Amino acid sequence: MKFWVHLQRFFSYLAVLTVFLLMSWPVWVDAHGYKLSDITVTHPWATPAHRSADGKGYLSLRNKGQKPDQLLSATAEVAARVELYSAIQDDNVLKIRPVDALEIPAGKTVRLKPGKSHLMLIGLKKPLEDGQHFPVVLQFQHAGTVTVDMFVQLNADESIY
Ligand SMILES: [Cu+2]
């Protein structure tokens with residue numbers, strides 16, 4: 001009988017642990033996120049790059065507001081300039097081109113990721129090495145300006161967006 005009581009306790013601990021892990025997951029995501037007004041910026045990261053190459057930066061932009069916003073510009077000390085590239089599906093052809101601003105529709109999340117929209121870090125002053133991180137200033141039309149920490153890593157797990 002005592003064994004069953006222990007087994008029951010074990011499973012209730014397991015249940016509590018599972019709930020705790022599930023609850024702490026979004027907290028962990030928030031650990032590398034930034035909130036300003038209605039915009040949430042999550043997990044800014046960049047792929048490693050040689051000085052001679054352009055760096056590519058990615059992040060997730062969520063607009064919880066009722067009105068659309070725009071990412072107007074990005075600047076970084078590590079690069080001479082940062083251009084915004086937008087990926088648009090046009091007649092089954094994915095077109096990625098530089099834009100003046102990245103639209104963030106109301107209530108939507110815009111994910112910048114490899115092969116899609118991204119930040120192009122042009123004229124790197126030093127190579128971007130795995131494990132490093134550097135500040136990037138993001139300017140939004142309505143939400144204002146925020147400095148985010150961009151992590152250099154080989155490949156970010158998609159699930160953390
Ligand atoms: Cu992160």
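What counts and what doesn't
- Residues numbered from 1 in each chain as written.
- Predicted model: local features only at pLDDT ≥ 70, side-chain atom pairs only at ≥ 80, totals over all residues.
- Heavy atoms only, no water.
- Donors = N, O, S within 2.8 Å, 3.2 Å for Na, K, Ca; no water.
- Helix = DSSP H or I, 4+ residues; strand = E, 2+ residues; numbered from the N terminus.
- Pairing = 2+ DSSP bridges.
- Core = buried A, V, L, I, M, F, W, Y, C linked by side-chain atoms within 4.5 Å.
- Buried < 20%, exposed > 50% of the residue type's maximum accessible area, 1.4 Å probe, protein only.
- Contact = heavy atoms within 4.5 Å.
- Phe/Tyr/Trp six-rings, centres within 6.5 Å; stacked < 30°, edge-to-face > 60°.
- Salt bridge = Lys/Arg side-chain N within 4 Å of Asp/Glu carboxyl O.

(A) Broad picture of the coordination of the copper ion. In the first shell of the copper ion, the protein supplies His32 (ND1) and His43 (ND1), at 1.8 Å from the metal. Of this pair, His32 sits in the loop between α1 (2–30) and β1 (33–36) while His43 sits in strand β2 (residues 39–46), placing them eleven residues apart in sequence.

(B) Main features of the pairing of strand β4 (residues 69–76). As paired elements, β4 and strand β7 (residues 102–104) share three bridges and run antiparallel to each other. Within β7, the position partnered with Gln70 by the bridge is Glu103. Strand direction decides the pairing type here: β4 and strand β10 (residues 133–140), joined by five bridges, are antiparallel. Bridge pairing in β10 places Ala76 opposite Val136.

(C) Spotlight on the nonpolar core. If you look at the biggest cluster of nonpolar residues, it comprises 35 residues, and the most contacted ones within it are Val41, Leu61, Leu119, Leu128, Phe134, Leu138 and Phe140. Put simply, the parts of the chain that give this core at least two residues each are β2, β3 (55–63), β4, β5 (79–90), β7, β9 (118–124), β10 and β11 (144–152). With near-sequence residues (within four places) excluded, Leu138 lies in contact with Val41, Leu59, Leu71, Ser73, Ala74, Leu119, Gly144, Thr145, Val146 and Val148.

(D) Quick look at the packing of aromatic side chains. According to the stated counting rule, one finds one aromatic pair in the structure shown. Considering the side-chain rings of Trp45 and Tyr58, the 4.9 Å spacing of their centres and the 40 degrees angle between planes classify their relative orientation as tilted. With Trp45 in strand β2 and Tyr58 in strand β3, the pair connects residues that are 13 residues apart, well separated along the chain. Assigned by exposure class, Trp45 and Tyr58 land together as buried.

(E) Highlighting the pattern of salt bridges. Summed over the entire model, instances satisfying the criterion amount to two salt bridges. With its nearest N and O atoms 3.1 Å apart, the salt bridge here joins Glu83 to Arg81. Judged by its relative accessible area of 22%, Glu83 is partly exposed. The exposure class of Arg81 is partly exposed, given its relative accessible area of 46%. Between Lys95 and Asp90 there is a salt bridge, with its nearest N and O atoms 2.8 Å apart.

(F) A look at unusual backbone geometry. Despite not being glycine, Asp91 has its phi angle at roughly 50 degrees, a positive value. Inspection of the secondary structure assignment puts Asp91 in the loop between β5 and β6 (93–99). Of note, Asn92 is a non-glycine position whose phi angle comes to about 65 degrees, a positive value. By the secondary structure assignment, Asn92 is in the loop between β5 and β6. Judged by relative accessible area, which is 75%, Asn92 ranks as exposed.

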